[in-house]
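# Remarks on the overall topology
One-letter residues, chain by chain:
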Amino acid sequence: MPRGFQIRATSITILAHLLFIAITTLLSVWLFHFREGVAFNSSNKIKIFNLHPLLMVIGFILVGGEAIISYKSFPGKRSSAKVVHLLLHLIALASGVLGIIAVFKFKIEAGLPHMFTLHSWLGMSAICAFGLQYILAFFAYFFPGAEMSTRATLLPWHRFIGLVIFLLAVGTAETGLVEYFKFLELFRNQEALIVNFTGLLLFLFAAFVSLTVILPRNF
Ligand code: HEM
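Within each chain, residue numbers correspond to sequence positions counted from 1 in written order. Residue-level local features of this predicted model are given only where pLDDT is at least 70; pairs of side-chain atoms are given and counted only at 80 or more, and the full residue set underlies all totals for whole chains, interfaces and linings. Values reported for side chains reflect all heavy atoms of the structure, with hydrogen atoms and water molecules removed beforehand.

The chain has the name ascorbate ferrireductase (transmembrane) in an unreviewed UniProt entry, where Cicer arietinum is given as its organism. The chain has a UniProt comment under Catalytic activity (unreviewed entry) that states "Fe(3+)(out) + L-ascorbate(in) = monodehydro-L-ascorbate radical(in) + Fe(2+)(out) + H(+)". UniProt positions are given in the numbering used here, feature names are shortened, and annotations may be inferred rather than shown by experiment. Recorded under Subcellular location (unreviewed entry), the UniProt text for the chain is reproduced unchanged: "Membrane".

This is the structure in structure tokens:
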């Protein structure tokens, strides 16, 4: 008889929260200390661009990851966890859309062409799939809500597709980090280490989020 993982999903969610803090710290040090900071309107166009990684990583990926693990990390009732799940995903979606608007605004103002890299294709697919999944799940599980049997049939697909979109977003962010690294011509310095560690920790975050999805709440 296979014995499963023998760990509680809740303990893994704690590691995910710690990674949330570590990644947010690294990214903030990078963008605000080593780089010029962020702005939505500025004559320094790079400040507009910098909003993109900030919103995509912290808002779209980290808050989106917290939304995914909320059923395992939130101590209250399942119905309250559902509201937390819905609200955190809404914050993730709004940040993702704003982050994409920021990079489009930057490119328009800098006179650069759009959507020619693999990163931009993966990113656009991730945000569109996320939006679609959100709308479908809202109607099926929140308002007006589908029949119980339909919800039950949809659930494994909702969980699987949600995880795939999340992993697509993490993969996109990794390619974005590499692109910006190359653009800045970083080499072996402190800033390069910060960017690379951000990417490594993001990968670990994705691994822990995925593990909480496949683990039962308690074993
Ligand atoms: C889930 C996260 C992300 C998504 C969905 C995403 C999406 C996108 C999209 C759609 C574009 C194209 C904009 C246009 O063509 O006008 C873009 C551009 C760009 N992004 Fe991201 N991005 C993400 C994370 C990141 C991160 C973490 C970085 C790191 C700094 C980054 C760096 C860039 C760069 C350098 C460009 C301009 C070059 C290009 O078009 O590929 N992105 N992103």
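Coordinating N, O and S atoms are those within 2.8 Å of the metal (3.2 Å for Na, K and Ca), and as water is not part of the atoms, a site may appear to have fewer donors than expected. Taken together, H52 (NE2) and H119 (NE2) make up the protein donors of the iron atom of the ligand, found 2.0 Å from the metal. Square planar and octahedral sites, with four and six donors, are those where opposite donors lie more than 155 degrees apart and all other angles lie between 65 and 115, tetrahedral sites have four donors with every angle between 85 and 135 degrees, and the rest are irregular. Taken together, the six donor atoms surrounding the iron atom of the ligand define angles of 86 to 179° at the centre, an arrangement classified as octahedral. Here H52, found in helix α2 (residues 45-73), pairs with H119, found in helix α4 (residues 118-142); they are 67 residues apart in sequence, far enough to count as distant. Residue classification places H52 among the buried residues on the basis of a relative accessible area of 11%. A run of DSSP states H or I qualifies as a helix once it reaches four residues; a run of E qualifies as a strand once it reaches two. Both are numbered from the N-terminal end. Type-normalised accessible area, obtained with a 1.4 Å probe on protein chains alone, sets the label of each residue: buried when under 20%, exposed when over 50%, and partly exposed for intermediate values.

Turning to the site of the ligand, a few remarks are in order. Near the ligand there are 25 residues, and of these H52, K107, H114, T117 and H119 occur at the shortest range. The backbone of M115 places a nitrogen or oxygen atom 2.7 Å from an oxygen atom of the ligand. H119 is positioned such that a nitrogen or oxygen atom in its side chain is 2.7 Å from a nitrogen atom of the ligand. Every element with two or more residues in the shell around the ligand is listed here: α2, α3 (78-110), α4 and α5 (148-183). When we say a residue is near a molecule or strand, we mean one of its heavy atoms is within 4 Å of it. In protein, a polar contact means a hydrogen-donor-capable atom and an acceptor-capable atom, both N or O and within 3.5 Å, with residues adjacent in sequence counting only if both atoms are side-chain atoms; elsewhere, any N or O pair within 3.5 Å suffices.

Here is the rule: rings of Phe, Tyr and Trp (six-membered ring for Trp) pair when centre to centre is within 6.5 Å. Planes less than 30 degrees apart are stacked, more than 60 are edge-to-face, and the remainder are tilted. Overall, the coordinates contain ten aromatic pairs when judged by the stated rule. Their ring planes at 25° and their centres at 6.5 Å tell us that Y134 and F138 sit as a pair that is stacked. Taken together, the residues span about one helical turn, with Y134 and F138 both in helix α4 at a distance of four residues. Of the residues examined, Y134 reaches a relative accessible area of 14% and is grouped as buried. These aromatic residues form a ring-pair network of at least three members: W30, F49, F106, Y180 and F183. One residue, K105, lies across the ring of F40, its end atom 4.9 Å from the ring centre. We call a charge positioned above a ring when the Lys NZ or Arg CZ atom is no farther than 6 Å from the ring centre and deviates by at most 35 degrees from the ring normal.

Here the focus is the packing of helix α1 (residues 9-34) against helix α6 (residues 190-214). Two quantities define a packed helix pair, namely the angle between the helix axes and the distance between the axes. Across the interface, α1 lies against α6 with an axial gap of 9 Å and an inter-helix angle of 155°. The angle between α1 and α6 falls in the class roughly antiparallel. In the crossing of α1 with α6, the sense of the turn from one axis to the other is left-handed. In terms of residue class, the contact of α1 with α6 is built from 22 nonpolar, four polar and one charged. Lines fitted to C-alpha atoms define the axes, with helix axes restricted to the stretch in contact, and inter-axis angles between N-to-C directions lie between 0 and 180 degrees. What sets the label is the angle itself: under 35 degrees gives roughly parallel, over 145 gives roughly antiparallel, 65 to 115 gives roughly perpendicular, and the rest give oblique. Should the near helix be turned anticlockwise from the far one by less than a right angle, the crossing is termed left-handed; should it be turned clockwise, right-handed. Each residue receives one of three labels: charged for Asp, Glu, Lys and Arg, nonpolar for Ala, Val, Leu, Ile, Met, Phe, Trp, Tyr, Cys and Pro, and polar for the others, Gly being one of them.

The next point concerns the nonpolar core. Membership of the largest hydrophobic core comes to 52 residues, with the highest contact counts inside it found for W30, I61, F166, L202 and F205. Among the elements that make up this core, the one with the highest residue count is α2 (twelve residues). We call two residues in contact when some of their heavy atoms are within 4.5 Å. For W30, the residues in contact, after removing those within four places along its chain, are R35, L177, Y180, L184, E191, I194 and V195. As used in this record, nonpolar core signifies buried Ala, Val, Leu, Ile, Met, Phe, Trp, Tyr and Cys residues forming a set joined through side-chain atoms within 4.5 Å.

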